Amino acid sequence: IVEHTISFKTIWRILAVVAAIAFLWLVRDVIILLLMAVIISSAITPLVNWLEDFRVPRALGGLIVYLLIFGGLGLLLSVLVPPLAREMISLVGQLRDNPLFLNNSETISQFFDASQDVLQQLAVQLSQNGSSILCGFGTVAGGLASVVLTFVIAFYLTLEDEGIKGFLRAVIPQDKREQVFGAIERAQKTLGR
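Here the structure is a predicted model, which means the values were calculated and not measured.

Residue placement: E160 occurs in the loop between α5 (130-159) and α6 (163-169). A relative accessible area of 49% means that E160 is categorised as partly exposed. A C-alpha to C-alpha distance of 9.6 Å links E160 and T45, two positions 115 residues apart in sequence.

So, on to the side chain of R58. For R58, the location among the structural elements is in helix α3 (residues 58-95). From its side chain, R58 meets the backbone oxygen of L159 in a polar contact 3.2 Å long.

To continue, consider a nonpolar patch on the surface. A contiguous nonpolar patch, built from I69, F70, L73, L75, L76, V79, L80 and L84 and spanning about 750 Å² of accessible area, is present on the exposed surface. With respect to the secondary-structure elements, L73 resides in helix α3.

What follows deals with the packing of aromatic side chains. Applying the stated criterion across every chain yields a total of seven aromatic pairs. Taking 5.9 Å as the distance between ring centres and 40° as the angle between the ring planes, the aromatic pair formed by Y66 and F70 counts as tilted. In this pair, Y66 and F70 are both assigned in helix α3, four residues apart and thus about one turn of the helix distant. On the basis of relative accessibility, which here comes to 9%, the residue Y66 falls in the buried class. On the basis of an interplanar angle of 85° and a centroid distance of 6.2 Å, the ring pair of Y66 and F151 is categorised as edge-to-face. Of the two residues, Y66 sits in helix α3 while F151 sits in helix α5, which places them 85 residues apart along the sequence. Here F151 falls in the partly exposed class, since its relative accessible area comes to 28%. Feature note: the residues Y66, F70, F151, F155 and Y156 constitute an aromatic cluster, connected by ring pairs. Looking at R28, its charged tip hangs above the ring of W25, at a distance of 4.1 Å from the centre.

What counts as what
Residues numbered from 1 in each chain as written. Predicted model: local features only at pLDDT ≥ 70, side-chain atom pairs only at ≥ 80, totals over all residues. Heavy atoms only, no water. Helix = DSSP H or I, 4+ residues; strand = E, 2+ residues; numbered from the N terminus. Buried < 20%, exposed > 50% of the residue type's maximum accessible area, 1.4 Å probe, protein only. Polar contact = N/O pair within 3.5 Å; in protein donor to acceptor, adjacent residues only side chain to side chain. Patch = residues over 30% accessible without salt bridge, like charges linked within 9 Å, V, L, I, M, F, W, Y side chains within 5 Å. Areas by Shrake-Rupley, 256 points an atom, 1.4 Å probe, with all protein chains shown as cover. Salt bridge = Lys/Arg side-chain N within 4 Å of Asp/Glu carboxyl O. Phe/Tyr/Trp six-rings, centres within 6.5 Å; stacked < 30°, edge-to-face > 60°. Lys NZ or Arg CZ within 6 Å of the ring centre and 35° of its normal.

What follows is the structure, given as structure tokens:
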């Protein structure tokens, strides 16, 4: 008869691996947030470095790049959204009296009347379930806070001259650092372009 025994050390290793996996699962949102911040910082760092070559302080360069990005997005939205909204209102106005193709007896205005009834019923259900509204608001606020936190972390990683490398130095073994840092520099150049 062959006797199989598992050593105490093996049991501890298995428990440590399971605990590490469980911990990573619990902090997966934080890990994703940090990875997104590293990616954003990698994309912005070459622009900040370029501004630094012209003797612009790193903090001011980072702020300029952020303002240009968010200003450009805001300008794009302010240019695109109003005409789209006007076109949608115009389309709804033109369709209001036209018959639907699915059933010739119904008109768009009847469809809107039915939609209004559905929306009123939805409003009644939402007022009865106020807690679900608060949960939804909490989810949206949490998501917005995560986005803001991601950009703040990315900003600080960008300001630190060796921000991403300093962050990864604590995680990556000594013998792999040169290879990883080379890949990071290539990725920063590519994302910056």
